[in-house]
Structures are given as C-alpha cells and as structure tokens.
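The primary structure of each chain is shown beneath.
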Amino acid sequence: MAKGKRSNILRTIFTKICGAFLGFIIIILGLAYGLYSVGIATIKGQLQKELSVQNANFSESLRTELERITLLQYDLINDWDLKKLTLDIPIYTDYEKSEMILNIKNRIVPIQTSSKLVQEIKVIIPAIDQYIGTRMVSQIDDHIRRIIDEYEKNCHTHILYNEGEFMILISYPQLYNMTNRKMQFMLQTTLSERAINSYLREQHQERDGSVFLVSEEQKMVIGEENEAFQKAVRNCIREKEAEEGKPHPEERKTLFLDGKIDGKSYFIVYTDIGFQDLRLVNCVAADAVFGELKNYRLWMMAFASVSVIAVFLFAIYIRKEIHQPLHELMEGFREVKAGNLDIRVEHRQEDEFRYIYDDFNDMLLRLNTLIDQQYKQKILIQKSELKQLQAQINPHFLFNSFLILSNRIDMGDMEFAADFSRQLGYFFRFITKNKSSIIPLKEEVEHACIYCNIQYARFASRMDMERAELPEDCESIPVPRLILQPILENMFLYTLEVIDYRGFLKVSYEKDNEFLNIVFEDNGDTVSDEKLESMRKMLEEHETGETTALINIHERLRLTYDERCGLQFDRSSYGGIRVTVRILRDGDKMRWNDY
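Residues numbered from 1 in each chain as written. Predicted model: local features only at pLDDT ≥ 70, side-chain atom pairs only at ≥ 80, totals over all residues. Heavy atoms only, no water.

Peer 1: Can you help me understand the pairing of strand β7 (residues 209–215) in this one?
Peer 2: On any regular strand, side chains alternate: one points to one face of the sheet, the next to the other face. Burial analysis of β7 places six of its seven residues in the buried class, the great majority of the element. Pairing between β7 and strand β8 (residues 220–222): three bridges, direction antiparallel. The residue of β8 that forms the bridge with Leu213 is Ile222. Count of turn residues in the β7/β8 antiparallel hairpin: four residues, of which Lys219 carries a positive phi of about 55 degrees. (Buried < 20%, exposed > 50% of the residue type's maximum accessible area, 1.4 Å probe, protein only. Helix = DSSP H or I, 4+ residues; strand = E, 2+ residues; numbered from the N terminus. Pairing = 2+ DSSP bridges.)

Written out as structure tokens, the structure reads:
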C-alpha cells in the first residue's frame, strides 16, 4: 500500500515539475563544476609542465657547473709541480718546494674564483703530511684524515658530505687502494652551502614551498632547514618510486607527483641531476597555485546553496499555484467516480484553473440531468417489465397450486389444505401488491420461503431442502420486490422438476462489511458448462437481448445499488448451479429508495 502511494506521488505533475527544475539546476551546477574541474586540471597541467621544465633546466645547469669544477680538478691532476711535490724527493731544496707550493696555490685560486659555488679548494699531499689551500698551507689534521677515511669507505665517490661540508673529491691515482698503491694526493673542492641555498632560491621564485638538493647515499639535504618537512617529501618520493619503480640513473628523468604533508597538498617535482645520486627536489604548495580559484569554489558553493533554496521556494509556489488546484480537481473526479455527482469545486483566483473548475461544475450539472433522465426512463421500463413478470407468474403457478390443493382435499387432509390455502393467499397477495417496490429483506425472504413451502408440498417425495436463517442484522436491508422468488422458480422449473433422481436445494447467506450474498444451490445436472457460460454472457449483453426474469432482477439490483451488485452464476459444489444475489448492506448507499 505504502509502495503504491509512493509510486503515485512520483507520477504527479508536481513531482515532475519540481524534478525537472531540480534536474536543470543540477545540470547547471554540473557544468559549472565541470568547467571548474577542467580549469583546475589545465592549471595543474601547465604548472606541472612549467615546474618540470624549470627543474630540468636548473638541474642541467647545476650538473654542468659541477662537471666543470670536476674537469678543472682533473686538469690540475696533471700539474707537474704537484706530481714532483708528492714524490718528496730529497734533491729539492726547501726553496724549490716553496716555489712548487706557490705555483700549485696559484693554480687552485682561479678554480675557486671561477664559480660562486666553490668555497675552498685543498690539495692534500700525504707524502709531505700537508695540504695546500686557497687560504693557507698547513699540516694534515684529524678532520682531513676522517675525510680520507670516509672517501675510501665510500669507494672513492666523487661527492662527500661530511661534518656539514659538501665536497667534490678526486684522488691520484684513482682507486689506489684497489691496485695496492698509495694515494699521492687528493683534490678537495668544498662547495659553499650558502651559495647553493642562494642558487636554489633563485629557482623557487618566492612560492610557498621549498626547493632543496638531496643525496640519499650521503644523507645530505641542502636548502631545507625544516627536517620534518624534507623527510616527509622524501617519503612521498620513495612511495612514488615503490609504486612505479625507480628510474635508471642514466635516464635523468623529471617526475611529478601530488603529496599531502601535515594535511596540506603539495606539488612535488624531482629530477636526477646526473652527478652521482644528486637529486633536485622542488615543492610548491597547492594553495599558492590555486589560492585565487578558491574564491570561485566559494562562489559555486554559494550558487549551489541559493539554487537549493530556489528549488525549495519554487516547490512551495508550484504546490500552491498548480499542485493544490490539480489535487482538488482530482479529488472531485474521484468523488464522481465513486458516484457522488453532487460535489462542487471552487477556485477563487482568476486564472486557467477557474475556467477548468467552472467547466467541471457545469459538466456535473449536465451529467446529473442526463443521468436523471436516463435513470427515470430505465426505472419506468423496469416497472413495466416487473408488472409483466407478475402477470406471467400467476396463471402458471395458480394451476399447479390448485391441483395440489384439490388432491389434498380429495384425500381428506383438511389441515394441510387449510395451511396450504393460507400460504397460497399470502403468496398472491405479495406479488399483486403494488404499494412499494422497495421492501425490507425480511419480507422478501418470507415470500421466498412461502414459495419454497408451496413447491415442497409438490416435490417432497423427490427432493430435500436446506434453508439457513436470515441474520438479524440484515433483516431491515431495503431491497427491490421479487428478487428471490423468480430465481427459485427457475431452479424448480428447469432443474428439480426434470431430473430423475432425488433433488437438493440449499439457501444460505454470506456477508462481509459491505455486501450480503444470498446463495441458491441445487444438484441438478441440466445446466452444462456451455449453458452456464451462456447465462453469464446473457447478463453482460442484456441491453441487446430479450428481457427475462433473471435479467430483470439483475438490472434492478444494479440500478438500485451499483454496478458491483446483481446476479452471479457459478457451478455449485453439489454439481448443479449456484446463483448468488449480491446486495449492499448499507441501505443509505442505495441510488434509488423507491420506484
């Protein structure tokens, strides 16, 4: 029931109009959100391209600078004074050695001044236990020895990050410890972390985020002081590489990813520089890029909220101006369908509904007039047919009744003859009485019982009869005259009189909250299934066929109550025919209370 009600609500014009308006708003919002998403994606794509190109160019520039410094170091390896000094031959005087040291120092100073990234250059000569620097010449201390040990430990890697110093190291000979040779000298170029930071800031262009240089092998990070932040960024990169695989070092790819750090979105671009495992990482906060677009998002949310309110107000307006008038008109049609033709609908506003309402009321007035004319015409016809029916019953039944009475008198059964004469008198007085065409059901049932008693006197030796008592709460139901006795007459005439075995007749009552069914059943086999179907069609097609007693009863019941009432033919559980007379229990629902 609830499901059907919901289904009806979904099919209403009100729901369709509101749904259409809501759908239109959703489409507009969808388009707006689509354009917003496309704009975000476009800006993100452009940013990705810009950051990737910028990072790649900067990485290439940094790699070129580091390789240039390395080439200058390699060029210094071939210096003849340096090689002579590392041999520590006794033939050289202290003056000659000093001159050699001065020449070497003059060679390394231009290397330092050639790049703003270079902080200091040292030539470490273990043979003389000294190092030659751009600032001084001094004995090899513990710090330098730790650098040499770390260099050997890392398999002579070119870069080393030790005690906060970022260095490029080249030894001569290279891989000396793998060839059982001693190191003659080492070139140590210390890069300025401050200069590198300044170099990195030039790339970042004051965006919210960070750019830094990282070496996982050396556990070095230059350019980002917030250790927690740079660790989070590196973790994002590791997760990305775990999913897609780490690129080959020679590919020097520039990769882009989205990351969340402390609940804040960042765009992360990282490039393998191509110099050892150095990697340039650039992080840009998404808010710094899309900050301007947040206003558009807020406007779209505001538009969505206003749209929801507009849909709500529109629904209220449509309900008041369209749904309620339509609902009242539909209720009027339902009342008309239920048989109430006296209903009137009112609409105060001067609009199209006023015109429809007035036409609806005029239609009901005309319909009432036409129904009244047609109904009265049918009633007059039914009265005429009823009188003809009464005239048909009298001669046929009178002969058989007098014959029974005569036989009983000849037999000397005066008590039966007296009782039979009284019942016969009651019977004929009832069918010839024209005072009222509507009587209580109790009187109609008593008349049918008298008819059964008269017929039973004739067929007592050939049949059995079972009659239920009429329920007390149904005795006062108003019914048309002569709706039961003609049915009994047909059952006697066409079944019980002609069968050659003992007959059976049963009269019972079935009731519910709305209807009372009076059921007649017999056990005769004279009505075939084809005949039974023909009798049903006879009731449906009565307007075009001749009028019989059963059709007369069926029509009068439908005219008196409604189309749900009347006669119904079925097969009896006893093998004969079952005739059901259906009437309304509520007399106030009768269409016509007197002919």
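Peer 1: Please explain the packing of aromatic side chains as it appears in this structure.
Peer 2: Aromatic ring pairs are reported here in terms of the distance separating the ring centres and the angle at which the planes meet. For the structure shown, the criterion picks out eight aromatic pairs. Ring geometry for Phe416 and Phe420: centres 5.6 Å apart, planes at 20 degrees, overall stacked. Of this pair, Phe416 and Phe420 both sit in helix α10 (residues 414–432), separated by four residues, roughly a single helical turn. No difference in accessibility class separates Phe416 from Phe420, as the two residues are buried. Ring pairing ties together the aromatic residues Phe427, Tyr451, Phe459 and Phe492, which thus form one cluster. Seen from the ring of Phe430, Arg481 lies directly overhead, with NZ or CZ sitting 4.5 Å from the centre. (Phe/Tyr/Trp six-rings, centres within 6.5 Å; stacked < 30°, edge-to-face > 60°. Lys NZ or Arg CZ within 6 Å of the ring centre and 35° of its normal.)

Peer 1: Mind showing me how you'd approach the pattern of salt bridges here?
Peer 2: Two side chains that carry opposite charge are able to pair once their charged atoms sit near each other. Inspection of every chain in the model, using the stated rule, returns 25 salt bridges. Of the charged contacts in the structure, one is a salt bridge between Arg68 and Glu65, with a shortest N-O distance of 3.0 Å. Here Arg68 and its partner Glu65 are both found in helix α2 (residues 13–77), three residues apart, which amounts to about one turn of the helix. Since its relative accessible area comes to 29%, Arg68 is described here as partly exposed. For Glu65, a relative accessible area of 18% translates into the label buried. (Salt bridge = Lys/Arg side-chain N within 4 Å of Asp/Glu carboxyl O.)

Peer 1: When you look at the sheet that holds strand β11 (residues 279–285) in this model, what are you seeing that I'm missing?
Peer 2: Two orientations exist for strands paired in a sheet by backbone hydrogen bonds: parallel and antiparallel. One open sheet accounts for five strands, arranged β8-β7-β11-β10-β9; its pairing is antiparallel. Since the sheet does not close on itself, it has two edges, and those belong to β8 and β9 (254–261), each with one partner. The sheet shows a mean angle of 25 degrees between the axes of neighbouring strands, taken without regard to direction. As judged from the eight bridges shared by β9 and strand β10 (residues 264–272), these two strands associate in the antiparallel manner. Bridge pairing in β10 places Gly259 opposite Tyr266. Here helix α7 (residues 227–244) sits on the sheet and contacts β7, β8, β9, β10 and β11; the angle it forms with β9, its principal contact strand, is near 125 degrees. (Axes fitted to C-alpha atoms, helices over the stretch in contact; angles between N-to-C directions. Contact = heavy atoms within 4.5 Å.)

Peer 1: How should the packing of helix α3 (residues 80–87) against helix α4 (residues 94–113) be read in this particular structure?
Peer 2: One way to put it is that α3 packs onto α4 with a least axis distance of 9 Å and a crossing angle of 135 degrees. Judged by the angle between their axes, α3 and α4 are oblique. Crossing geometry of α3 relative to α4 is assigned as left-handed. Only Lys97, Met100, Ile101, Asn103 and Ile104 of α4 make contact with α3, whose side of the interface consists of Asp81, Leu82, Lys84 and Leu85. (Parallel < 35°, antiparallel > 145°, perpendicular 65-115°, else oblique. Left-handed = near helix turned anticlockwise from the far one by under 90°.)

Peer 1: Can you help me understand the sheet that holds strand β16 (residues 515–522) in this one?
Peer 2: Spatially, five strands are ordered β13-β15-β16-β18-β17 in an open sheet, and the strand pairing comes out mixed. Two strands close off the open sheet at either side, each with one partner strand: β13 (463–467) and β17 (566–571). Across the sheet, the mean angle from the axis of one strand to that of its neighbour is 15 degrees, orientation sign disregarded. Bridging between strand β15 (residues 503–511) and β16 involves seven bridges; their strand directions are antiparallel. Bridge pairing links Lys506 to Glu521 in β16. Taken strand by strand, helix α13 (residues 529–540) contacts β17 and β18 (577–584), and its axis lies near 165 degrees from that of β17.

Peer 1: Would you take a moment to explain the packing of helix α12 (residues 485–496) against helix α14 (residues 549–560) for this structure?
Peer 2: Any two packed helices are characterised by how steeply their axes cross, that is the angle between the axes, and by the distance between the axes. Axis separation between α12 and α14 bottoms out at 10 Å; the angle between their running directions is 155 degrees. Relative to α14, the element α12 is oriented roughly antiparallel. Crossing angle aside, the handedness with which α12 passes α14 is left-handed. Contacts between α12 and α14 pair Pro486, Ile487 and Asn490 from the former with Ala549, Leu550 and Ile553 from the latter. Across the contact of α12 with α14, the residue classes break down as five nonpolar, one polar and no charged. (Nonpolar A, V, L, I, M, F, W, Y, C, P; charged D, E, K, R; others polar.)

Peer 1: It is not clear to me how the environment of Met363 should be interpreted in this structure. Could you clarify?
Peer 2: Examined against the element boundaries, Met363 turns out to sit in helix α9 (residues 352–410). Separated by 22 residues in sequence, Met363 and Leu341 have C-alpha atoms that sit 10.0 Å apart.

Peer 1: Explain the side chain of His447 here, please?
Peer 2: As for its position among the elements, His447 is in helix α11 (residues 441–459). Overall, His447 belongs to the buried group, its relative accessible area being 2%. Apart from the residues within four sequence positions on either side, His447 is in contact with Phe427, Phe430, Ile431, Leu482 and Gln485.

Fair warning: the whole summary comes from geometry, so function is off the table for now.
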